[in-house]
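Fold and contact review
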Amino acid sequence: MLNMRLPFRSAASALGIFVLASAPAFADDPAARGDTPEAQKGYDVSARSDRTDTGFGDSRVDARMVLTNRAGQQTVREFSFQTLEKEDESVGDKSLVVFDSPRDVEGTALLSHAKILDPDDQWLYLPALKRVKRISSKNKSGAFVGSEFAFEDFTISELNKFTYSYVGEEDVDGMVMDVVERFPRYENSGYTKQKSWVDQEIFQVRKVEFYDRKGALLKTLVLSDYRDYDGVWRAHSLKMVNAQNGKETELVYSEFSFRNGLDGNDFEQGVLTRLR
Amino acid sequence: MFRKTTPLDGFSIALAKIVIRLRWFVVFAAVAAAAFIATGAANLEYSNNYRTFFSADNPELRNFEDFQATYIKSDNFLFVFEPTDGSEIFTNENLAAIGELTEKAWLLPYATRVDSVTNFQYTYADGDELIVEDLVPAPGESSPEELSQQKANALAEPLLRNQLITPDAGVTAINVVLTYPEESLSEVPEAVAAARALRAEILESHPQFKIYISGSSMLNNAFGEAIQKDFSTLIPLMIGVIIVTTITAVRSVSATFATLGVVILSTMVAMGWAGFVGIKLAGPSPSATIVILTLAVADAIHVLMTMRVSMRAGMAKRDAIIESVRVNFLAISITSLTTIVGFMALNFSDAPPFRDFGNISAVGILAAWILSLTFLPAVLAMIPVRVRTVDREKQVSALRGFANFIVAHNRVLLIGSSLATLALIAMIPRIELSDEFRKYFDQSMEFRTDSDAVIEHFGFYATEFSIKSGEAGGVTDPEYLEKLELFANWLRARDDVAHVYSIADIMKRLNKNLNADDPAFYRLPEDRELAAQYLLLFELSLPYGLDLNDRINIDKSATRVTATLDGDVNTKSIRAFLKETDAWFAANAPELQGPATGPQIMFTFIAQRNVESMILGTSIAIVAIAFIMMVALRSIPMGLLSMAPNGLPILAAFGAWAALVGTVGFSVAAVASLALGIVIDDTVHFLTKYMRARREKSLSAPDAIRYAFETVGAALIFNTVILMAGFFVLTFSAFQINAELGLLTTLTIGLALTIDFLLLPGLLLLFARNKDRSNLNSEGEPDAQYAPSVS
């Protein structure tokens, strides 16, 4: 399944893609960690948030996305995710999205192998065509199935895709939060900057602001309904509001299921034709 | 020293005496009050949004807002690159510039998307791989083979050809989509300044182009720029007109100074009021300044002329001032009142800027009314005013000769002028309503000249259709897609359509790409699920700033078809286009029919909407003004009769316009009521003199006409010249709607005097012959003359 680690790896973990287990020892990427105290503190805050939720092996979850346009009209997209956790931070997770609704696209499946700085590898299976198509595109920061989530928001959740800058602490809703900015290291991002709020109790991302190429606020993601899976927290409600076009998307997860015994073979191109 | 007085005379004399006694206080209070109200002008802002011209209830605006809520609400810049050396676009030198502007335009304030031939998402197949990349991946670094391939790809793409690239690849366009927060009026000028700076930057390093900028943001900005330009050109011109006319009329520098005081204070009050009530200046509303200056100077000159004549007749200055206030009190009050009624009637207009125009003018006229009876006499009492003797007898004898001629040939003139008027009126149906927003601006405006250059190469007026399938997900139904394609092809076959954007073209391209680029598959998918999955694939491959929601609605029950009409279409041909489109739907796909919308569609109907809304407003103004006339003339039949010389000039002016110009924008709707309020003044003055001669002096009708000519003829001619000059100043406006308003009103005012002089006397004589003189009451009536009688 698409590794739903939204913008940040920490946000992604909040989405419930990773899980506990004995956290492996991680090696920091010096290029991502930077050399100023602010950069390193920002990296460290993000790394802690990110790494607390790793070691889950694989996960499965059903997702429901409600899209609302400026006129207030709504529509629903449903799909399921499977994620296979990466082996280490130098590569990305593998994910598989299978669409359930609308009915016309039922069974359409998207397999992604996330990369750190290069474009991801992607294959799409179209049931009506009964063919798997590899999609090569550098520029995938457009809207994901018409939502306010960009494809980029799902696949760029790796710690080392960014450099960081620690901004400071802020009190929000009675919680003390670390505020961190991060900047894409890869090409063709739709963003110049993301700003996140990470709480200091369970180290989860509560809010992210996305800034566009000209530095203006583009959209805001609020993560809520955190649930505890044996020490690992997952947000079950993610609301993205576009500050420029007035549209919004709410993404709601069902219960997560972790360590389902999936392996690399379940995330290879060939599996797409055997889904049904 | 004063003649027998009516109660009104008593009041006006008392007023004048008090004003003169307290002159320092009156002047101080008037200046202080005007200055205080004028502080409100600091709040005044220029609207820079074409939507300002449409009321919230305007059906075309509502259609457009529905459309924008469903798809996308955005504005744009269109940068058009034309190489001056005649080279084609697909050279490394040229593409480097296009690529650079494409990249940098993302940084323009409020920009949300940039589309050009270089960053177009070109898709092709390599076996079972779908490759999505920029059509020109590295602008400026392509090999000759790549360049010719890129050119071929661009020209073969229906979404680019004629939209962003001309078929000969000689000219290209870059479209920048902007989404404004609409929190501040400085947003549009800010974006435009940045866009112009970007153009200058690109031209610096790539001088081989001419770069034009058009688009809705430039249009919006032009509305604000036209106002600023008008303020800096028309107001100085108008001040010049005031100085020249006042000096000619009263031959006194100090009196001219006093007049300037009245007109400037009146304008300050009106604009200050506009600021206090939060009016945003747009289109015609800033022209209120010119209108107020014009009408205020007319008021002031009446007071000055009477005073001058009295002084020449031997009165002391103080007595002459009192006499002038007495004589003019009622006349200025009635004419101000009728003018205010005419302007207030603009509140019925569908276009809010016309309502503002009417209200600001009304406030200014009210201020001029008060100031010319208080501030002006007070100033005149303070400053030295000298009078030189002029041979008035010569002027009077000329008028008498004219009056004799009119009376002698009254039947011929009545019949002749009636026929001429009728002939003009008969031309009215030939007037063609014409509102094309490109032509709202004259050649002094960059938006106009750049847009004129753009329409040489590309279409201009985006016309949108939301084609509804009637069910969620229905847009991928093969039957629906087929009809969509039929409609798009029908549009493309038309001469007035430059480009059509339809989702069907994307479907065809994807079908080909996913079948290994086999040209045989460049056709619509025949399976609904396949089409839906293509769309999903397409959505997953979209670049930053694009989503399908701007083309397909949220539940995929409707798509948008954009037909870009040629820039040289006119309102009439757009109406024909819409009618034929309706007919096409009725014959081929009645279930898909929906309203066409877009900015130019809104303007196409703006004149009609305003004419419709002003029918009631103008009717109310006519009734109110007729009532005021009956009271002023103390005669119901004469009040009714007065409506002929009041109404005919407006109709004749429309007819003359039809013959001379032919097309007119939506200001035509406003002219009738405001011009009525102004031209009525001539009739008021002429008829009061005529009635007074008949009642008080018991003169025969022909003699009463001679009397009227001798007493007010000169003042009427002068008044008309001032008003025509003032409204003629508006014809120099950079905004066509103001220029047309000015010229049409000028024409009406000129025709009003002509009709008062040529047609009205014959009418009065005809009326007198059919009427028993004993029916006339012989009560004294208020003296509303401009100048004391010399007879």
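No experiment lies behind these values; they were computed from the predicted model shown. (Residues numbered from 1 in each chain as written. Chains lettered and ligands numbered in written order. Predicted model: local features only at pLDDT ≥ 70, side-chain atom pairs only at ≥ 80, totals over all residues.)

Notes on the overall build of chain B
- Looking only at helices and strands, chain B has 26 helices and 14 strands in total.
- C-alpha atoms of chain B, sized along the principal axes, occupy 110 × 55 × 45 Å.
- Taking the contacts inside chain B whose residues are at least 6 apart along the sequence as the reference set, 81% of them involve residues at least 24 apart. (Helix = DSSP H or I, 4+ residues; strand = E, 2+ residues; numbered from the N terminus. Contact = placed C-beta atoms within 7 Å.)

Some words on the pairing of strand 2 (residues 74–84) of chain A
All names here are of chain A.
- Sheet topology note: the strand 1 (residues 58–68)/strand 2 ladder contains 11 bridges and is antiparallel. Across the sheet, Ser 59 pairs through a bridge with Thr 83, a residue of strand 2.
- From the end of strand 1 to the start of strand 2, which pair antiparallel, there are five residues, and Gly 72 there has a positive phi angle of about 90°.
- With seven bridges joining them, strand 2 and strand 3 (residues 94–101) adopt antiparallel strand pairing. Pairing of Glu 78 across the sheet is with Ser 101, part of strand 3. (Pairing = 2+ DSSP bridges.)

Thoughts on the nonpolar core
Residue and element names in this part refer to chain B.
- In terms of nonpolar packing, the biggest core is built from 323 residues, with Phe 79, Val 80, Val 262, Val 269, Ala 270 and Phe 375 touching the most fellow members.
- Here this core gets 17 residues from one element, more than from any other, and that element is helix 23 (residues 668–695).
- Contact partners of Phe 79, with chain neighbours within four places excluded, come to Leu 101, Ala 173, Ile 174, Arg 199, Ile 211 and Ile 213. (Core = buried A, V, L, I, M, F, W, Y, C linked by C-beta atoms within 7 Å. Buried ≥ 20, exposed ≤ 12 C-beta atoms within 10 Å, placed from the backbone.)

Quick word on the interface of chain B and chain A
- Between chain B and chain A, the contact holds 37 residues from the first and 36 residues from the second.
- Elements represented by at least two residues in the side of chain B that touches chain A include exactly helix 3 (59–70), strand 3 (111–115), strand 5 (129–134) and helix 18 (528–540) of chain B.
- No other element matches helix 18 of chain B, which puts nine residues into the side of chain B that touches chain A.
- As judged from the four bridges shared by strand 6 (residues 131–137) of chain A and strand 5 of chain B, these two strands associate in the parallel manner. When the sheet's bridge partners are listed, Arg134(A) is paired in strand 5 of chain B with Glu129(B).

Some words on the sheet that holds strand 2 (residues 75–83) of chain B
Residues and elements named next belong to chain B.
- Pairing is antiparallel in the open sheet, where four strands are placed in the order 3-6-2-7. Because the sheet does not close on itself, it has two edges, and the strands there are strand 3 and strand 7 (209–214). The average undirected angle you get between the axes of adjacent strands in this sheet is 20°.
- Summarising the sheet, strand 2 and strand 6 (residues 172–178) pair through seven bridges and their orientation is antiparallel. Bridging from a neighbouring strand, Asp 75 pairs with Leu 178 of strand 6.
- In the packing of helix 7 (residues 216–250) onto the sheet, the strands contacted are strand 2, strand 6 and strand 7, and the crossing angle to strand 2 comes to about 105°.
- Each of strand 2 and strand 7 touches helix 15 (residues 446–454); the most contacted strand, strand 7, lies at about 115° to it. (Axes fitted to C-alpha atoms, helices over the stretch in contact; angles between N-to-C directions.)

Looking at the sheet that holds strand 13 (residues 596–597) of chain B
All names here are of chain B.
- The antiparallel open sheet is built from four strands, whose spatial order is 11-12-10-13. The strands lining the two open edges of the sheet, one partner per strand, are strand 11 (497–501) and strand 13.
- Strand direction decides the pairing type here: strand 11 and strand 12 (residues 558–565), joined by four bridges, are antiparallel. Residue Val 500 lies in a different strand from strand 12, and its bridge partner there is Ala 563.

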